[in-house]
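Results of the structural survey
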Amino acid sequence: MKLQNNQFLSIEELQAKYFVQSKQSRKSMEADGISFQDVLNQTAKDVGGANGVKFSKHASNRLAERGIELSEGQMERLQSGTLKAGAKGIKESLVIVDQLAFIVNVPNNTVVTAMKQTETEESVFTNIDGAVIV
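What comes next is a walk through the structure. (Residues numbered from 1 in each chain as written. Predicted model: local features only at pLDDT ≥ 70, side-chain atom pairs only at ≥ 80, totals over all residues. Heavy atoms only, no water.)

1. So, the environment of Val132
The criterion, for reference: Where helices and strands are cited, they refer to DSSP runs of H or I of at least four residues and of E of at least two residues respectively, numbered from the N terminus. Residue contacts are counted whenever heavy atoms from the two residues lie within 4.5 Å of one another.
Position of Val132 among the secondary structure elements: in strand 5 (residues 130-133). With 47 residues separating them in the primary sequence, Val132 and Ala85 have C-alpha atoms 6.7 Å apart. When near neighbours in sequence (up to four residues on either side) are disregarded, Val132 contacts Gly81, Lys84, Ala85, Ser93, Leu94, Val95 and Ile96.

Written out as structure tokens, the structure reads:
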């Protein structure tokens with residue numbers, strides 16, 4: 001459908017202009033060897049992998065109040081437990097490292113609260129959909 005006054009492009013001209021460009025852009029990106037998925041995966045690794053798990057303000061306060069200090073090895077195991085929980089599709093996980101219990105929001109890679117296992121009155125944890133012991 002082409003207009004006579006040439007002020008507007010026809011549907012065919014629009015398709016040719018924009019769809020051919022997007023196909024060419026996609027081909028040039030693939031030719032470079034970098035896909036959008038690769039960039040997205042690398043960004044996710046950079047955010048979660050390099051910095052490890054984050055601690056919410058509440059969790060940081062609990063660690064300070066309870067005098068809990070994590071060693072580098074414990075931090076690595078907490079990160080490993082979080083990654084394992086994510087691989088299984090767990091959203092809210094209990095991660096137990098030595099005698100420490102952490103509730104982790106897995107999609108955000110964030111520790112929500114932390115405690116020593118001996119501090120739990122009944123050893124009951126709610127609002128979780130999985131647990132990892134590392």
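2. Looking at the pattern of salt bridges
Definition in use: Counted as salt bridges are all cases of a side-chain nitrogen of Lys or Arg within 4 Å of a carboxyl oxygen of Asp or Glu. The buried label applies to any residue whose accessible area, calculated with a 1.4 Å probe on protein chains only, is under 20% of its type's maximum; exposed applies above 50%, and partly exposed to all values in between.
Going through the model one piece at a time under the given rule, you end up with 2 salt bridges. Across the pair Glu65 and Arg62 runs a salt bridge, and its minimum N-O distance is 2.9 Å. Of this pair, Glu65 and Arg62 both sit in helix 3 (residues 57-65), separated by 3 residues, roughly a single helical turn. A residue is classified by how much of its surface remains accessible, and Glu65, at 59% relative accessible area, is exposed. What makes Arg62 partly exposed here is its relative accessible area of 23%. Measuring nitrogen to oxygen at the nearest pair gives 2.9 Å for the salt bridge that ties Asp98 to Arg77. Taken together, the positions of Asp98 in the loop between strand 2 (92-97) and strand 3 (100-105) and Arg77 in helix 4 (residues 72-87) put the pair 21 residues apart, joining distant regions of the chain. Looking at Asp98, the relative accessible area reads 38%, which means it is partly exposed. With a relative accessible area of 29%, Arg77 lands in the partly exposed category.

3. Overview of the pairing of strand 2
Worth spelling out the cut-off: When DSSP finds two or more bridges between a pair of strands, those strands are recorded as paired.
Most of strand 2 sits inside the fold, with 5 of its 6 residues counted as buried. The pairing of strand 2 with strand 3 spans 6 bridges and is classified as antiparallel. Along strand 3, the bridge assignment pairs Ile96 with Ala101. Counted along the chain from strand 2 to the antiparallel partner strand 3, the turn is 2 residues long, and its residue Asp98 has a positive phi close to 55°. In the sheet, strand 2 pairs with strand 5 via 4 bridges, with the strands oriented parallel. Each residue of the ladder has a partner; that of Ile96, found in strand 5, is Ile133.

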